[in-house]
Amino acid sequence: MQPLPQVLVDNATDPLSPGADCTSPAAAPGPGASCCCCSYTNEASRRVADVRAGAAARIDWASTCLAGHGLCLLLEVEFDPIEGHGTNKAAGSGGGGAKDRGGGQGPGLERRSLLFDAGPSGELLRCNARRWGRGLDLGAVGAVVLSHWHVDHSGGLPAALDLIGAARGARAAGGAGAGGVHGGGGEAPAPQPRAPVRVVLDVHPRRPWCRGLKLQPGDEIIPFNQDPDPAQLAVDHAWLDVAPAAAPHTLLDGCFGVSGFIPRVTPYEEGNPAHASQWEEGGPWEDDPLIEDERALVVDLAGKGPVVFSACSHAGIVNVARWAEAALGRPPYASFGGLHLAPRDCLARVAPTARHLAAQRPPLSLLAAGHCTGWRAQAALQAALPGRCMPLSVGATFELSSE
């Protein structure tokens, strides 16, 4: 299996920096890291390749991807449907009894594609999908997973589904998906991702009416804008199946595992005390520090271990890592996403989080932290994981190999 995260929305843009040492065959990785655990392509390198392939006349710096507060990752997994089918046991101990949604089997190597969150707004997601250029295939997406009900992750859902629908239509007409199909000039043809008949929208069933912040005890609530209504999304997109799920399960032939509630174990990952939820229209606001609807995503990379995608890590990234180890029998090989260490009331967690991740054995090969991680935590984590930690950046692509 080869998880291929493409960063469509993140808080940061850095089209020039190379990846961490562990992404470069020429660099010596940090202590305990595997050499070249994955490949990394920043946005500038991708645009240079477009010019060399004749797909663009120049690098147009006026049309690079834009950053915004949120997260959206496009993930692809390449697998052998005979050897790899159903091997992701992240749905529970041994994976027994988990219902798998979507997918199917076929001969030869196959790909499954999943969109993880959709960023804060349709405007931002549409802009970045349009500006991506070659190599973005939304027409192959078989599932959209919303990590949790926060609008910086759900606000772009209507646009995401519109983009997927347009790319599906282009495929049916014999064209490419939005932005083109993965693979470029001069490369060997990649296994063609399947164009699914139906697309699953995987959400937690308990959707609040509204969420917000209570910055000090006794303060009035400062509300957020509302999350999209999944029932309306299903009405607007006839090919969409809304699948509410609070329990652990797998998606797309077992390629992706979705966590369900992540147990809070560590003494320092205590939730977010400023957070509040209103569960029904006109109802009372309630303190909601744990944000229990957040779910993580995992891919079991053959021969390497779990690759974790955690959008905000409201449970704490150490608790997420412990969940992945309990589910798959090995600590994470790599981890991507937001760690929610930026807010003032979370800063005390930065040091113990960095210590725990640095002490993991076998060691974490790559931590690509973005979104709500914050600059203080980025600095601490890069010091604790030299050569193995880097920020996410919108417009970037990572590729991990099971070889």
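Thresholds applied
- Residues numbered from 1 in each chain as written.
- Predicted model: local features only at pLDDT ≥ 70, side-chain atom pairs only at ≥ 80, totals over all residues.
- Heavy atoms only, no water.
- Helix = DSSP H or I, 4+ residues; strand = E, 2+ residues; numbered from the N terminus.
- Contact = heavy atoms within 4.5 Å.
- Areas by Shrake-Rupley, 256 points an atom, 1.4 Å probe, with all protein chains shown as cover.
- Salt bridge = Lys/Arg side-chain N within 4 Å of Asp/Glu carboxyl O.
- Buried < 20%, exposed > 50% of the residue type's maximum accessible area, 1.4 Å probe, protein only.
- 1 Å grid on protein atoms, 1.4 Å probe; cavity = no way out; pocket = protein on both sides within 12 Å on 5 of 7 lines; lining within 4 Å.
- Points joined across faces, edges and corners; volume = space filled by probe spheres on them.
- Nonpolar A, V, L, I, M, F, W, Y, C, P; charged D, E, K, R; others polar.
- Pairing = 2+ DSSP bridges.
- Core = buried A, V, L, I, M, F, W, Y, C linked by side-chain atoms within 4.5 Å.
- Expected span 1.5 Å × (residues − 1).
- Polar contact = N/O pair within 3.5 Å; in protein donor to acceptor, adjacent residues only side chain to side chain.
- Axes fitted to C-alpha atoms, helices over the stretch in contact; angles between N-to-C directions.
- Parallel < 35°, antiparallel > 145°, perpendicular 65-115°, else oblique.
- Left-handed = near helix turned anticlockwise from the far one by under 90°.
- Right-handed = clockwise from strand over helix to strand, strands pointing away.

A. Up close: the overall build of the protein. The number of helices and strands found in the protein is 8 helices and 20 strands. Here the analysis covers contacts within the protein between residues at least 6 apart in sequence; of these, 80% occur between residues at least 24 apart. For the protein, the exposed surface amounts to about 15800 Å²; the carbon and sulfur share of it is 55%.

B. Main features of the pattern of salt bridges. Under the defined criterion, the tally for this structure stands at 14 salt bridges. For E43, the salt bridge is made with R47, and the minimal N-O distance between the two is 3.1 Å. Here R47 and E43 lie together in helix α1 (residues 43-52), a separation of 4 residues that amounts to about one turn. Look at E43 and you get buried, because its relative accessible area is 1%. Relative accessible area serves as the criterion here: at 10%, R47 is assigned to the buried category. The partner of D287 in a salt bridge is K214, and the shortest N-O contact between them spans 2.8 Å. Here D287 is found in strand β14 (residues 285-287), whereas its partner K214 is found in the loop between β8 (210-213) and β9 (222-223), with 73 residues between them in sequence.

C. Here's a closer look at empty space enclosed by the protein. Evaluation of the coordinates by the stated rule reveals 4 cavities of 30 Å³ or more. Considering only enclosed or pocket space, the largest cavity measures out at about 80 Å³ in volume. Lining the largest cavity are E269, N272, S313, H314, A315, G316, I317, L339, H340, L341, R349 and T353. What the second largest cavity holds in volume is close to 60 Å³. Contributing to the lining of the second largest cavity are V308, I317, V320, A321, P332, S335, L357, Q360, L364 and L367. When residues in the lining of the second largest cavity are grouped by element, the largest group, 3 residues, is from helix α6 (residues 317-328). When the residues that make up the lining of the second largest cavity are grouped by side-chain class, the tally is 8 nonpolar, 2 polar and no charged.

D. View of the sheet that holds β9. The strand order across the open sheet formed by 4 strands is β9-β8-β13-β14, and the pairing between neighbours is antiparallel. Because the sheet does not close on itself, it has two edges, and the strands there are β9 and β14. Alignment of strand β13 (residues 275-278) against β14, held across 3 bridges, turns out to be antiparallel. Bridging across to β14, S277 finds its partner in E286.

E. Spatial organisation of the nonpolar core. Grouped together as the largest cluster of nonpolar side chains are 38 residues, with contacts concentrated most on L114, F256, F336 and F398. Among the elements that line this core, the one with the most residues is strand β3 (residues 72-79), at 4 residues. Excluding anything up to four places from it in sequence, F398 contacts P3, L4, P5, V7, C38, S39, Y40, F336, L366, A368, M390 and L392. The next biggest cluster of nonpolar side chains, apart from the first, holds 30 residues, and it includes V9, L124, L136 and L240.

F. Representation of helix α7 (residues 350-359) in the model. Where α7 is concerned, the buried positions are V350, P352, T353, A354 and L357. Buried residues in α7 make contact with α6, β18 (366-370) and α8 (375-384).

G. Layout of the pairing of β8. When β8 meets β13, the two strands line up antiparallel, connected through 4 bridges. Looking across to β13, one finds that R211 is bridged to S277. Of the pairings in the sheet, the one linking β8 to β9 comprises 2 bridges and is antiparallel in character. Paired with G212 across the bridge in β9 is P223.

H. Fine view of helix α4 (residues 157-172). Along its 16 residues, α4 runs 22 Å from first to last C-alpha, staying within 8% of the 22 Å computed at 1.5 Å per residue. Those residues of α4 that sit buried are L157, A159, A160, L161, L163, I164, A167, R168 and R171.

I. Representation of the side chain of T353 in the model. Here T353 is to be found in helix α7. Looking at T353, its side chain comes within polar contact range of the main-chain oxygen of R349, at 2.7 Å. Setting aside residues up to four positions removed in sequence, T353 forms contacts with Y268, E269, I317, V318 and L341.

J. Examining the packing of α7 against α8 more closely. Where α7 contacts α8, the two axes come as close as 9 Å, and the packing angle between them is 30 degrees. As summarised for this structure, α7 and α8 are arranged roughly parallel, according to the angle between their axes. Helix-helix and strand crossings are classified by hand; for α7 and α8 the assignment is right-handed. Only R376, A377, A380, L381 and A384 of α8 make contact with α7, whose side of the interface consists of V350, A354, L357 and A358. In terms of residue class, the contact of α7 with α8 is built from 8 nonpolar, no polar and 1 charged.

K. Structural context of the environment of R171. Note on placement: R171 falls in helix α4. In this structure the side chain of R171 is engaged in a polar contact, spanning 2.5 Å, whose partner is the side chain of D137.

L. Just the pairing of β18, in detail. The buried count for β18 comes to 5 of 5 residues, which makes it a mostly enclosed element. The alternating pattern of β18 places L366, A368 and G370 on one face and L367 and A369 on the opposite face, and all of these are buried. Bridge count for strand β17 (residues 334-338) against β18 is 5 bridges, and the pairing is parallel. Residue pairing for β18: A334 is matched across the bridge by L366. Crossover β17 to β18 through α7 is right-handed. Examined bridge by bridge, β18 and strand β19 (residues 389-391) share 3 bridges and lie parallel to one another. Bridge pairing in β19 links A369 to P391. Assessed by its sense of winding, the connection that carries the chain from β18 through α8 to β19 is right-handed.

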